[in-house]
Amino acid sequence: MTVRETIDPNSSLWAWLAFDLWFHRTQRNLSLAQVARIVKATRGTVSNWEAGRYRPNDDHMTLLDEAWNTGGHFQRLMYYARTGHDPDWFKQFIQYEKSADVVRVYHGKTIPLLAQTEDYALSLLRAAGRMREAEAETRARMKRQEILLRKEPPYLWVLLDQEVLESRVGDNAVMRDQLGHLLKMGENPRTMIRVVARSVGWHPGHDGPLQIYKIRSRELAYAGAQIGGRLIEAGDEVATIAIRFEQIGAFALSRDASRELIEQTMRTYE
């Protein structure tokens, strides 16, 4: 069975889009190469769309709708796939993370994944009762951090609440190493780590964690929730979350003042 044959159009709007791309092409007895010429892409790219591995953009769907006279079918399906909830969103989220040029992240209760040490991640997962998968999940998290080791790593902007520095995960040694890791990361000119002091009180980040990824000229966002997050790929919500990040940042200490606070807190774990 091919990868494309495993696509269930009832599983998500993205799967429906992948299925319809294959269905409409084969109904017209067109090859992958012929469709590739219509949408100005490669044959392999079209094949990956139909297998659900890659996602097309609006320009591709506009060209297809015009060529096949669908009345805008693929453009509408693309719109709803982007703005709706995808049950399998995490796989695409990881792909976007790997390609990101800029990552902006706020996480109110713990150190964000891309800034976690291995011991902190392992302790955090064990504290959450995820004993069975803790080691495998920790390895997966460390693997995701490899984007920071690229020849041209993404710009990483992290906002933290002061409570994150003071909320002990694991023992003192784990926290000391974790805060030391933050300080080391902050030495990279592509990384900005700033802290929102406790004295600020309520701020927009109290509504939940968020992330914004920029991939070339495109922005997308992630909004966290108790039992799962939501990937937002288009629409006004992406802009709203980006504004929310800036609002939180307006309350944060400067880069240098944040560093001083991290160093001060680090000494409490000696």
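Every value quoted in this text rests on a predicted model; they were computed, and no experiment measured them.

### What to know about the overall build of the protein chain
No. 1: When helices and strands are counted, the protein chain shows 12 helices and 6 strands.
No. 2: When the backbone C-alpha atoms are referred to their principal axes, the protein chain occupies close to 70 × 40 × 35 Å.
No. 3: Burial status across the protein chain gives 44% buried among its 270 residues.
No. 4: Contacts in the protein chain between residues far apart in sequence, at least 24 positions, make up 70% of those at least 6 positions apart.
No. 5: When the accessible area of the protein chain is evaluated, it comes to approximately 14,600 Å², of which 50% is carbon and sulfur surface.

### Some words on empty space enclosed by the protein
No. 1: Counted by the stated rule, this structure contains 1 cavity of 30 Å³ or more.
No. 2: As for the largest cavity, its lining consists of Leu 21, Arg 25, Val 35, Val 46, Trp 49, Glu 50, Leu 64 and Trp 68.
No. 3: If you list the elements that add at least two residues to the lining of the largest cavity, you get helix 1 (13–27), helix 3 (43–50) and helix 4 (58–68).
No. 4: Residue contributions to the lining of the largest cavity peak at 3 residues, all from helix 3.
No. 5: Of the residues in the lining of the largest cavity, the class split is 6 nonpolar, no polar and 2 charged.

### Regarding helix 1
No. 1: With 15 residues, helix 1 ought to run about 21 Å at 1.5 Å a step, and its terminal C-alpha atoms sit 20 Å apart, in line with that.
No. 2: For helix 1, the full list of buried residues reads Trp 14, Ala 15, Leu 17, Ala 18, Asp 20, Leu 21, His 24 and Arg 25.
No. 3: Buried positions along helix 1 lie against helix 2 (32–39), helix 3, helix 4 and helix 5 (73–83).
No. 4: Two residues or fewer past helix 1, Asn 29 is found with a positive phi of approximately 55°.

### A few points about the nonpolar core
No. 1: In this structure, Leu 160, Leu 165, Leu 182 and Ile 262 are the most contacted members of the largest nonpolar core, which totals 35 residues.
No. 2: Here the element with the most residues in this core is helix 10 (residues 172–185); it accounts for 6 residues.
No. 3: Grouped together as the second largest cluster of nonpolar side chains are 16 residues, Ala 36, Val 39, Phe 74 and Leu 77 included.

### Section: the pairing of strand 1 (residues 102–107)
No. 1: Along strand 1, 5 of the 6 residues are buried, which leaves the element largely enclosed by surrounding structure.
No. 2: Across 6 bridges, strand 1 lies against strand 2 (residues 155–161) in parallel orientation. Pairing of Val 103 across the sheet is with Leu 156, part of strand 2.
No. 3: For strand 1 and strand 4 (residues 210–215), the ladder comprises 5 bridges, and the chain directions are antiparallel. What sits directly across from Val 103, in strand 4, is Tyr 213.

### A few points about the packing of helix 4 against helix 5
No. 1: Following both chains from N to C, one finds helix 4 and helix 5 inclined at 150°, their axes separated by 7 Å at the closest point. By the criterion of interaxial angle, the relationship of helix 4 to helix 5 is roughly antiparallel. Residues Asp 58, Met 61, Thr 62, Leu 64, Asp 65 and Trp 68 of helix 4 form the contact with helix 5, whose participating residues are His 73, Phe 74, Gln 75, Met 78 and Arg 82.
No. 2: Taken together, the residues of the contact of helix 4 with helix 5 break down into 5 nonpolar, 3 polar and 3 charged.

### A closer look at the layout of surface pockets
Empty pockets left among the atoms are what a rolling probe the size of a water molecule brings to light.
No. 1: Considered as a void within the structure, the second largest pocket measures approximately 540 Å³ in volume.
No. 2: Lining the second largest pocket are 18 residues, with Arg 55, Gln 92, Tyr 96, Arg 216 and Arg 218 positioned closest to its centre.
No. 3: When contributions to the lining of the second largest pocket are tallied by element, the ones reaching two or more residues are helix 3 and helix 6 (89–99).
No. 4: The greatest single-element share of the lining of the second largest pocket, amounting to 4 residues, is contributed by helix 6.
No. 5: Looking at the lining of the second largest pocket residue by residue, the classes come out as 6 nonpolar, 7 polar and 5 charged.

### Describing the pattern of salt bridges
Between side chains of opposite charge, a pair can form as their charged atoms come close.
No. 1: Using the criterion set out here, one finds 13 salt bridges in the structure.
No. 2: Note that Glu 187 and Arg 259 form a salt bridge whose closest N and O atoms lie 3.4 Å from each other. You can see Glu 187 sitting in the loop between helix 10 and strand 3 (191–196) and its partner Arg 259 sitting in helix 12 (residues 255–267), a full 72 residues away along the chain.
No. 3: Assessed through its relative accessible area of 54%, Glu 187 is described here as exposed.
No. 4: The shortest N-O distance in the salt bridge between Glu 263 and Arg 259 comes to 3.7 Å. Note that Glu 263 and Arg 259 are positioned in helix 12 at a spacing of 4 residues, about one turn of the helix.
No. 5: By relative accessible area, which is 30% here, Glu 263 ends up partly exposed.

Conventions adopted
- Residues numbered from 1 in each chain as written.
- Predicted model: local features only at pLDDT ≥ 70, side-chain atom pairs only at ≥ 80, totals over all residues.
- Heavy atoms only, no water.
- Helix = DSSP H or I, 4+ residues; strand = E, 2+ residues; numbered from the N terminus.
- Buried < 20%, exposed > 50% of the residue type's maximum accessible area, 1.4 Å probe, protein only.
- Contact = heavy atoms within 4.5 Å.
- Areas by Shrake-Rupley, 256 points an atom, 1.4 Å probe, with all protein chains shown as cover.
- 1 Å grid on protein atoms, 1.4 Å probe; cavity = no way out; pocket = protein on both sides within 12 Å on 5 of 7 lines; lining within 4 Å.
- Points joined across faces, edges and corners; volume = space filled by probe spheres on them.
- Nonpolar A, V, L, I, M, F, W, Y, C, P; charged D, E, K, R; others polar.
- Expected span 1.5 Å × (residues − 1).
- Core = buried A, V, L, I, M, F, W, Y, C linked by side-chain atoms within 4.5 Å.
- Pairing = 2+ DSSP bridges.
- Axes fitted to C-alpha atoms, helices over the stretch in contact; angles between N-to-C directions.
- Parallel < 35°, antiparallel > 145°, perpendicular 65-115°, else oblique.
- Salt bridge = Lys/Arg side-chain N within 4 Å of Asp/Glu carboxyl O.

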